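Observations on the model geometry
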Amino acid sequence: MSRFSLAFISVVALLVVGCHRDMWDQPKVTTFDESEFFRDGSGARMPVSGTVPRGQLNEDELLHQGTENGAVATRFPYRVTKEMLESGRERFDIFCLPCHGQSGDGQGMIVQRGFQQPKPLTDPSIMSRPIGYYFGVLTLGFDVLNGISDPAKQDKVHPPLGKVMSVDEKWATVAYIRALQRSQSATAADIPDNERANMDNPSAGGSPSDH
(Lines give C-alpha, C1' and ligand atoms only; values in the text may rest on other atoms or scores of the structure.)
Protein backbone atom coordinates (compact mmCIF):
# COMPACT_ATOMS: atom_id res chain seq x y z
CA MET A 1 0.00 0.00 0.00
CA SER A 2 1.39 3.40 -0.94
CA ARG A 3 2.06 6.09 1.60
CA PHE A 4 -0.62 8.24 -0.04
CA SER A 5 -3.28 5.54 0.35
CA LEU A 6 -2.29 4.92 3.97
CA ALA A 7 -2.46 8.63 4.76
CA PHE A 8 -5.85 8.95 3.07
CA ILE A 9 -7.32 6.03 5.02
CA SER A 10 -5.93 7.44 8.27
CA VAL A 11 -7.54 10.84 7.64
CA VAL A 12 -10.90 9.24 6.81
CA ALA A 13 -10.74 7.08 9.94
CA LEU A 14 -10.01 10.10 12.11
CA LEU A 15 -12.91 12.00 10.60
CA VAL A 16 -15.29 9.09 11.19
CA VAL A 17 -14.18 8.58 14.77
CA GLY A 18 -14.13 12.28 15.53
CA CYS A 19 -17.57 13.06 14.09
CA HIS A 20 -19.43 9.91 15.04
CA ARG A 21 -20.32 10.85 18.63
CA ASP A 22 -21.62 14.31 17.77
CA MET A 23 -23.77 12.93 14.99
CA TRP A 24 -25.07 10.08 17.14
CA ASP A 25 -25.67 12.04 20.34
CA GLN A 26 -26.60 15.53 19.17
CA PRO A 27 -27.29 18.26 21.72
CA LYS A 28 -31.07 18.45 21.30
CA VAL A 29 -34.26 18.24 23.38
CA THR A 30 -36.56 15.35 22.47
CA THR A 31 -40.16 14.79 23.50
CA PHE A 32 -40.70 15.07 27.29
CA ASP A 33 -37.01 15.79 27.93
CA GLU A 34 -36.00 18.22 30.66
CA SER A 35 -34.40 21.49 29.69
CA GLU A 36 -32.27 23.92 31.67
CA PHE A 37 -33.03 26.67 29.20
CA PHE A 38 -36.63 27.28 30.37
CA ARG A 39 -37.55 28.27 33.92
CA ASP A 40 -40.06 25.46 34.39
CA GLY A 41 -37.43 22.89 33.42
CA SER A 42 -39.59 21.40 30.70
CA GLY A 43 -38.43 21.07 27.13
CA ALA A 44 -42.02 20.78 25.84
CA ARG A 45 -43.59 24.16 25.13
CA MET A 46 -47.22 25.21 24.74
CA PRO A 47 -48.18 26.74 21.37
CA VAL A 48 -48.11 30.51 21.19
CA SER A 49 -51.45 32.09 22.11
CA GLY A 50 -53.66 32.34 19.05
CA THR A 51 -51.99 29.46 17.22
CA VAL A 52 -54.39 27.73 14.84
CA PRO A 53 -53.82 24.10 13.75
CA ARG A 54 -53.35 23.59 10.04
CA GLY A 55 -56.72 23.33 8.28
CA GLN A 56 -58.71 24.62 11.29
CA LEU A 57 -58.78 28.36 10.77
CA ASN A 58 -62.62 28.30 10.59
CA GLU A 59 -63.03 31.94 9.57
CA ASP A 60 -66.64 31.47 8.39
CA GLU A 61 -68.70 32.39 11.47
CA LEU A 62 -72.01 31.18 10.05
CA LEU A 63 -70.64 27.84 8.89
CA HIS A 64 -68.59 26.94 11.95
CA GLN A 65 -70.44 28.67 14.80
CA GLY A 66 -74.02 29.01 13.61
CA THR A 67 -74.00 32.74 14.26
CA GLU A 68 -73.82 35.93 12.22
CA ASN A 69 -72.27 39.05 13.74
CA GLY A 70 -72.54 37.36 17.13
CA ALA A 71 -76.29 36.69 16.80
CA VAL A 72 -77.89 33.27 16.35
CA ALA A 73 -78.16 32.55 12.62
CA THR A 74 -81.55 32.46 10.94
CA ARG A 75 -80.36 30.81 7.73
CA PHE A 76 -78.30 27.91 6.49
CA PRO A 77 -74.77 28.55 5.21
CA TYR A 78 -75.67 26.89 1.89
CA ARG A 79 -78.67 25.58 -0.02
CA VAL A 80 -80.46 22.60 1.50
CA THR A 81 -80.60 19.65 -0.92
CA LYS A 82 -82.22 16.22 -0.91
CA GLU A 83 -78.79 14.64 -0.40
CA MET A 84 -78.22 16.92 2.60
CA LEU A 85 -81.55 15.87 4.15
CA GLU A 86 -80.75 12.20 3.60
CA SER A 87 -77.41 12.66 5.35
CA GLY A 88 -79.17 14.52 8.16
CA ARG A 89 -81.69 11.72 8.60
CA GLU A 90 -78.85 9.24 8.94
CA ARG A 91 -77.16 11.35 11.64
CA PHE A 92 -80.50 11.94 13.37
CA ASP A 93 -81.28 8.23 13.48
CA ILE A 94 -77.86 7.52 15.01
CA PHE A 95 -77.54 10.32 17.55
CA CYS A 96 -80.98 11.87 18.12
CA LEU A 97 -83.59 9.15 17.65
CA PRO A 98 -82.80 7.27 20.93
CA CYS A 99 -84.08 10.30 22.89
CA HIS A 100 -86.26 12.26 20.50
CA GLY A 101 -87.96 9.33 18.78
CA GLN A 102 -88.47 8.79 15.08
CA SER A 103 -91.10 11.52 14.80
CA GLY A 104 -89.38 13.89 17.22
CA ASP A 105 -92.06 13.45 19.90
CA GLY A 106 -89.52 12.94 22.70
CA GLN A 107 -90.50 9.32 23.26
CA GLY A 108 -87.32 7.60 22.20
CA MET A 109 -86.36 4.17 23.44
CA ILE A 110 -84.10 5.33 26.28
CA VAL A 111 -86.80 7.75 27.48
CA GLN A 112 -89.16 4.78 27.71
CA ARG A 113 -86.54 3.19 29.96
CA GLY A 114 -86.44 6.06 32.43
CA PHE A 115 -84.15 8.69 30.90
CA GLN A 116 -85.35 12.28 31.17
CA GLN A 117 -87.75 13.16 28.36
CA PRO A 118 -86.87 16.10 26.11
CA LYS A 119 -89.56 18.41 24.82
CA PRO A 120 -91.08 17.33 21.50
CA LEU A 121 -89.35 18.99 18.57
CA THR A 122 -92.79 20.28 17.58
CA ASP A 123 -93.25 22.13 20.87
CA PRO A 124 -93.85 25.83 20.04
CA SER A 125 -90.94 26.89 22.25
CA ILE A 126 -88.64 24.60 20.26
CA MET A 127 -89.99 25.30 16.79
CA SER A 128 -89.66 29.05 17.32
CA ARG A 129 -85.91 28.74 17.76
CA PRO A 130 -83.79 29.98 14.83
CA ILE A 131 -81.66 27.65 12.74
CA GLY A 132 -78.42 28.55 14.50
CA TYR A 133 -79.82 27.51 17.89
CA TYR A 134 -80.01 23.85 16.87
CA PHE A 135 -76.49 24.01 15.49
CA GLY A 136 -75.33 25.51 18.80
CA VAL A 137 -76.99 22.77 20.86
CA LEU A 138 -75.29 20.11 18.73
CA THR A 139 -71.93 21.84 19.03
CA LEU A 140 -71.92 22.99 22.68
CA GLY A 141 -74.72 21.07 24.38
CA PHE A 142 -77.88 22.53 25.93
CA ASP A 143 -76.40 23.67 29.24
CA VAL A 144 -73.34 25.43 27.84
CA LEU A 145 -75.33 27.13 25.07
CA ASN A 146 -77.88 28.43 27.55
CA GLY A 147 -75.31 29.40 30.18
CA ILE A 148 -76.54 26.93 32.82
CA SER A 149 -73.86 26.20 35.39
CA ASP A 150 -76.01 25.41 38.44
CA PRO A 151 -76.24 21.58 38.70
CA ALA A 152 -79.72 21.90 40.23
CA LYS A 153 -80.95 23.67 37.10
CA GLN A 154 -79.11 21.69 34.48
CA ASP A 155 -81.32 20.07 31.90
CA LYS A 156 -78.84 17.23 31.28
CA VAL A 157 -80.79 16.05 28.25
CA HIS A 158 -78.70 17.22 25.34
CA PRO A 159 -74.90 16.78 25.46
CA PRO A 160 -72.65 18.20 22.70
CA LEU A 161 -73.24 15.34 20.26
CA GLY A 162 -71.83 17.43 17.45
CA LYS A 163 -68.30 16.81 18.68
CA VAL A 164 -68.40 13.52 16.79
CA MET A 165 -69.87 15.10 13.65
CA SER A 166 -68.29 17.17 10.93
CA VAL A 167 -69.61 20.69 10.44
CA ASP A 168 -71.51 19.57 7.33
CA GLU A 169 -73.08 16.66 9.21
CA LYS A 170 -74.30 19.04 11.91
CA TRP A 171 -75.93 21.34 9.37
CA ALA A 172 -77.47 18.33 7.63
CA THR A 173 -78.93 17.18 10.95
CA VAL A 174 -80.38 20.64 11.60
CA ALA A 175 -81.94 20.63 8.12
CA TYR A 176 -83.54 17.25 8.76
CA ILE A 177 -84.90 18.43 12.13
CA ARG A 178 -86.53 21.38 10.37
CA ALA A 179 -88.02 19.06 7.75
CA LEU A 180 -89.23 16.71 10.50
CA GLN A 181 -90.88 19.58 12.36
CA ARG A 182 -92.64 20.77 9.24
CA SER A 183 -93.84 17.27 8.40
CA GLN A 184 -95.58 17.04 11.78
CA SER A 185 -97.58 20.22 11.22
CA ALA A 186 -98.05 20.17 7.44
CA THR A 187 -101.45 20.87 5.90
CA ALA A 188 -102.91 20.29 2.47
CA ALA A 189 -102.01 23.88 1.61
CA ASP A 190 -98.32 22.98 1.90
CA ILE A 191 -98.60 20.39 -0.89
CA PRO A 192 -97.74 21.69 -4.39
CA ASP A 193 -100.76 21.95 -6.67
CA ASN A 194 -99.57 19.25 -9.06
CA GLU A 195 -98.95 16.80 -6.21
CA ARG A 196 -102.28 17.66 -4.57
CA ALA A 197 -104.10 16.80 -7.78
CA ASN A 198 -102.43 13.39 -7.82
CA MET A 199 -103.52 12.77 -4.23
CA ASP A 200 -107.13 13.68 -5.04
CA ASN A 201 -107.11 11.51 -8.17
CA PRO A 202 -104.70 8.58 -7.68
CA SER A 203 -105.44 7.22 -11.14
CA ALA A 204 -104.03 10.39 -12.69
CA GLY A 205 -100.62 9.85 -11.19
CA GLY A 206 -100.40 6.08 -10.97
CA SER A 207 -101.64 3.52 -8.51
CA PRO A 208 -102.17 4.43 -4.80
CA SER A 209 -99.08 2.41 -3.97
CA ASP A 210 -97.00 4.94 -5.90
CA HIS A 211 -97.82 7.76 -3.43
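Up top you'll find the structure we're talking about.
The paragraphs below set out a description of the structure included in this document. (Residues numbered from 1 in each chain as written. Predicted model: local features only at pLDDT ≥ 70, side-chain atom pairs only at ≥ 80, totals over all residues. Heavy atoms only, no water.)

1. Points about the overall build of the protein
Threshold: Helix and strand assignments follow DSSP, with helices taken as H or I runs no shorter than four residues and strands as E runs no shorter than two, numbered in order from the N terminus. Buried, partly exposed and exposed residues are distinguished by accessible area as a fraction of the type maximum, computed with a 1.4 Å probe on protein chains only: under 20%, between the cut-offs, and over 50%, respectively. In what follows, residue pairs with any heavy atoms lying within 4.5 Å of each other are defined as contacts. Where accessible areas are quoted, they stem from the Shrake-Rupley method and a 1.4 Å probe; at the residue level, only the protein chains shown are allowed to cover.
Scanning the protein from terminus to terminus reveals 10 helices and two strands. Taking all 211 residues of the protein together, 22% fall into the buried category. A separation of at least 24 residues holds for 46% of the contacts in the protein among residues at least 6 apart in sequence. Total accessible area on the protein stands at roughly 15,400 Å², and carbon and sulfur atoms take up 56% of it.

2. Quick notes on the side chain of Lys170
Applied cut-off: Asp and Glu count as negative and Lys and Arg as positive, but His and the ends of the chain are not part of the count. When a carboxyl oxygen of Asp or Glu lies within 4 Å of a side-chain nitrogen of Lys or Arg, that pair is called a salt bridge.
Relative to the helices and strands, Lys170 resides in helix H8 (residues 167–184). Buried within the structure, Lys170 lacks any salt-bridge partner; its nearest side chain of opposite charge belongs to Glu169, at an N-O separation of 8.9 Å. If sequence neighbours within four positions are ignored, Lys170 has contacts with Phe135, Leu138, Thr139, Gly162 and Met165.

3. Let's talk about the packing of helix H6 (residues 131–140) against H8
How we decide: To obtain each axis, a line is fitted to C-alpha atoms, and for helices this fit is confined to the stretch in contact; angles are then taken between N-to-C directions over 0 to 180 degrees. Every angle not falling under 35 degrees, over 145, or within 65 to 115 is termed oblique; those three ranges are roughly parallel, roughly antiparallel and roughly perpendicular. We call a crossing left-handed when the near helix sits turned anticlockwise from the far one by less than a right angle, and right-handed when that turn is clockwise. Each residue receives one of three labels: charged for Asp, Glu, Lys and Arg, nonpolar for Ala, Val, Leu, Ile, Met, Phe, Trp, Tyr, Cys and Pro, and polar for the others, Gly being one of them.
Where H6 contacts H8, the axes come no closer than 10 Å and their chain directions differ by 130 degrees. Relative to H8, the element H6 lies oblique. For the crossing formed where H6 meets H8, the hand is right-handed. For the pair H6 and H8, contact is made by Ile131, Tyr134, Phe135, Leu138 and Thr139 and by Val167, Lys170, Trp171, Thr173, Val174, Ile177, Arg178 and Gln181, respectively. For the contact of H6 with H8, the residue count by class is eight nonpolar, three polar and two charged.

4. Topic: the packing of aromatic side chains
Defined as follows: Geometry of aromatic contacts follows a simple scheme: Phe, Tyr and Trp rings, the Trp one being its six-membered ring, pair when their centres are within 6.5 Å, and the pair is stacked under 30 degrees between planes, edge-to-face over 60, tilted otherwise. A ring has a charge above it when a Lys NZ or an Arg CZ is no more than 6 Å from the ring centre and no more than 35 degrees off the ring normal.
Using the criterion set out here, one finds five aromatic pairs in the structure. Arranged with centres 5.1 Å apart and planes meeting at 85 degrees, the rings of Phe37 and Phe38 form a pair that is edge-to-face. By relative accessible area, which is 30% here, Phe38 ends up partly exposed. Geometry around Phe38 places Arg45 over its ring, the cationic atom sitting 3.9 Å from the centre.

5. Describing the packing of helix H3 (residues 82–100) against H8
In the contact formed by H3 and H8, the axes pass within 7 Å of each other and the chain directions differ by 90 degrees. The angle between H3 and H8 falls in the class roughly perpendicular. Between H3 and H8, the residues in contact are Met84, Leu85, Ser87, Gly88, Arg89, Arg91, Phe92 and Cys96 and Glu169, Trp171, Ala172, Thr173, Ala175, Tyr176, Ile177, Ala179 and Leu180, respectively. Among the residues making up the contact of H3 with H8, the classes are represented as 11 nonpolar, three polar and three charged.

6. Here we look at the side chain of Thr173
Here Thr173 is to be found in helix H8. With a relative accessible area of 0%, Thr173 lands in the buried category.

7. Quick word on the pattern of salt bridges
Across all of its chains, the model carries four salt bridges by this definition. Members of the salt-bridge network, linked through shared partners, are Glu90, Arg91 and Glu169.

All we've got here are geometric facts, nothing functional implied.
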